Amino acid sequence: MIKKKDFNQFVKEYHDRIYYTTIKIVGNVDDALDCVQDTFVKAYKKYNQFKGDSTLYTWVNRIAINTALNFVNRNKTNNWNEFLEYDKPTKIENENTSFNKKWLSELSPTERSVIVLRIYDNMKIREVAQVLNTSESTVKVAYHRAVKKMKKIVKK
Amino acid sequence: MNCSEVQLKFPEILREPKKYSTEMTHVKNCKNCKSEFDVFKLMSSSIQNMNDQIPLIVSRQNQKIINSKIERKNFANRMRILTSVAAVIIVSLISIILYQQSGQGQFYYDNLNVNDIAYSDEDVEMEFELSEEEILDYLITSENTNNLDEIVEDKFFDLENKNGS
């Protein structure tokens, strides 16, 4: 069992990164925060199952993605309006921001997960397949579909 | 190298264009891949820039909630262990009390048949020492003298000698 103090430090360090991964799949601040809570509590509870063949962050990130995906699959009617609350258009041009809000909601949960893991977490196709517990070909198909959808949105 | 393979490597090409120079050349020359790469770049930049969206106060609050949930989980675990131990102790104590109250030990001795007890020679001799007359009466009337024949004979012999002298 990990010491509570060490785990608190880990939470402090990686909370925001896990949140950013989660919100891109869940698309809703409140739900994302709930999922992040569940993720860290699950990680603490199942810490003895962590074999150490990857970093602790990778392991927790995997839990976060599965928690978020389970949440999205359970609650099909979730909305994406929460991005509006915390948008900071200082770094991104307004045009990009609006695109940003739109494209994520157009993707299916699996496509979103694939894109987030590929772009945000810099994972390879094989690693994404492992995290999502699916085949590499499924990941490739989801990735191509996501890019095609983006192209359509940009052209509109 | 086909378009599909190159498109799959867009994240890597974007991160390390020098390492993936062959793929980069393909992207520049292929019209379809170029348009897809532009879309991908836009998508990538927007996804990276989404990181500033959580206010610090929200993050801190959520961390506090996580810590308190873990604390509660720990407390619940500790309580579960304590409850289990307490339950075992209480059950043991109740069993002991009930056993004593039912008087099962007494019951065993009450139902024990005297004839089932195999007397040792010492026990018999101790009983003889109590009172010779009583012992003789007992031995004469007792059915359980099979294993005491020799002792009885000795005692009769002693008594005869005593009376004779």
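Caption draft 1: Spatial organisation of the overall build of chain B. The helix and strand tally for chain B stands at nine helices and zero strands. From first element to last, N terminus to C terminus, chain B shows the α and β order α-α-α-α-α-α-α-α-α. Residue pairs in contact within chain B that sit at least 24 positions apart in sequence constitute 42% of those at least 6 positions apart.

Caption draft 2: Focus on the overall build of chain A. Scanning chain A for helices and strands turns up eight helices and zero strands. If you list the helices and strands of chain A from N to C, you get α-α-α-α-α-α-α-α. When each of the 156 residues of chain A is scored for burial, the buried share is 37%. Partitioning the intrachain contacts of chain A with sequence separation of at least 6 by distance along the chain shows that 68% fall at a separation of at least 24.

Caption draft 3: Quick peek at the interface of chain A and chain B. Each partner contributes to the interface: chain A provides 38 residues, whereas chain B provides 31 residues. Breaking the side of chain A that touches chain B down by element, the ones donating at least two residues are helix 1 (4-26), helix 2 (29-45), helix 5 (94-106), helix 6 (109-120) and helix 8 (136-155) of chain A. Residue contributions to the side of chain A that touches chain B peak at 10 residues, all from helix 1 of chain A. Looking at the side of chain A that touches chain B, its residues break down into 20 nonpolar, seven polar and 11 charged.

Caption draft 4: Examining unusual backbone geometry more closely. All names here are of chain A. Of note in this structure, asparagine 122 is not a glycine but carries a positive phi near 50°. You can see asparagine 122 is positioned in the loop between helix 6 and helix 7 (125-132). Residue classification places asparagine 122 among the exposed positions, given that 11 C-beta atoms sit within 10 Å. Unusually for a residue other than glycine, asparagine 133 sits at a positive phi of about 55°. For asparagine 133, the position within the fold is in the loop between helix 7 and helix 8. In this structure asparagine 133 comes out as exposed when scored by C-beta crowding, with 10 C-beta atoms within 10 Å.

Caption draft 5: Molecular detail of the environment of A:Ser137. Residue position: A:Ser137 is located in helix 8. It is 8.9 Å that separates the C-alpha atoms of A:Ser137 and A:Ile125, two residues lying 12 residues apart in sequence.

Caption draft 6: Spatial organisation of the packing of helix 1 of chain A against helix 6 of chain A. Residue and element names in this part refer to chain A. At a minimum axis distance of 8 Å, the contact between helix 1 and helix 6 shows a crossing angle of 150°. Classified by the interaxial angle, the pair formed by helix 1 and helix 6 is roughly antiparallel. Regarding helix 1 and helix 6, the two cross each other, and that crossing is right-handed. Residues Tyr20, Thr21, Lys24 and Ile25 of helix 1 pack against Pro109, Arg112, Ser113, Val116 and Tyr120 of helix 6. When grouped by side-chain class, the residues that make up the contact of helix 1 with helix 6 number five nonpolar, two polar and two charged.

Caption draft 7: Spatial organisation of the packing of helix 2 of chain A against helix 5 (residues 56-102) of chain B. Close contact between helix 2 of chain A and helix 5 of chain B brings their axes to 10 Å; oriented N to C, the two are set at 40°. Helix 2 of chain A and helix 5 of chain B meet at a crossing whose hand is right-handed. Across the interface between the two elements, A:Leu33, A:Val36, A:Gln37, A:Phe40, A:Val41, A:Tyr44 and A:Lys45 from helix 2 of chain A touch B:Asn62, B:Ile65, B:Ile66, B:Lys69, B:Ile70 and B:Lys73 from helix 5 of chain B. Partitioning the contact of helix 2 of chain A with helix 5 of chain B into residue classes produces eight nonpolar, two polar and three charged.

Caption draft 8: Just the confidence of the model for chain B, in detail. All names here are of chain B. With 68% of its residues at a pLDDT of 70 or more, chain B has an overall mean of 77. Within chain B, the lowest mean pLDDT, 55, falls on helix 6 (residues 104-110), and the highest, 89, falls on helix 5. Across the interfaces of the predicted complex, the ipTM metric reaches 0.70, alongside a pTM of 0.63.

Caption draft 9: Spotlight on helix 3 (residues 21-29) of chain B. All names here are of chain B. Those residues of helix 3 that sit buried are Glu23, His26 and Val27. Take helix 3 and look down its axis: the buried residues cluster within an arc of 100°, on one side only. Within helix 3, the exposed residues directed more than 90 degrees away from the buried face are Ser21, Thr22, Thr25, Lys28 and Asn29.

Caption draft 10: Geometry of the confidence of the model for chain A. Residues and elements named next belong to chain A. Looking at chain A, pLDDT values average 79 and 81% of them are 70 or higher. When mean pLDDT is compared element by element in chain A, helix 2 scores highest at 90, while helix 4 (residues 83-86) scores lowest at 46. Note that residues 82-94 has pLDDT below 50 and, in this model, 21 contacts with residues that lie over four places away or in other chains.

Caption draft 11: Layout of the environment of A:His144. All names here are of chain A. In this structure, histidine 144 sits in helix 8. For histidine 144, a count of 16 C-beta atoms within 10 Å puts it in the partly exposed group. C-alpha of histidine 144 to C-alpha of isoleucine 115: the two residues are 29 residues apart in sequence and 9.8 Å apart in space.

What counts, and at which threshold
- Residues numbered from 1 in each chain as written.
- Chains lettered and ligands numbered in written order.
- Predicted model: local features only at pLDDT ≥ 70, side-chain atom pairs only at ≥ 80, totals over all residues.
- Helix = DSSP H or I, 4+ residues; strand = E, 2+ residues; numbered from the N terminus.
- Contact = placed C-beta atoms within 7 Å.
- Buried ≥ 20, exposed ≤ 12 C-beta atoms within 10 Å, placed from the backbone.
- Nonpolar A, V, L, I, M, F, W, Y, C, P; charged D, E, K, R; others polar.
- Axes fitted to C-alpha atoms, helices over the stretch in contact; angles between N-to-C directions.
- Parallel < 35°, antiparallel > 145°, perpendicular 65-115°, else oblique.
- Left-handed = near helix turned anticlockwise from the far one by under 90°.
- pLDDT = per-residue confidence, 0-100.
- Arc of directions from axis to C-beta.

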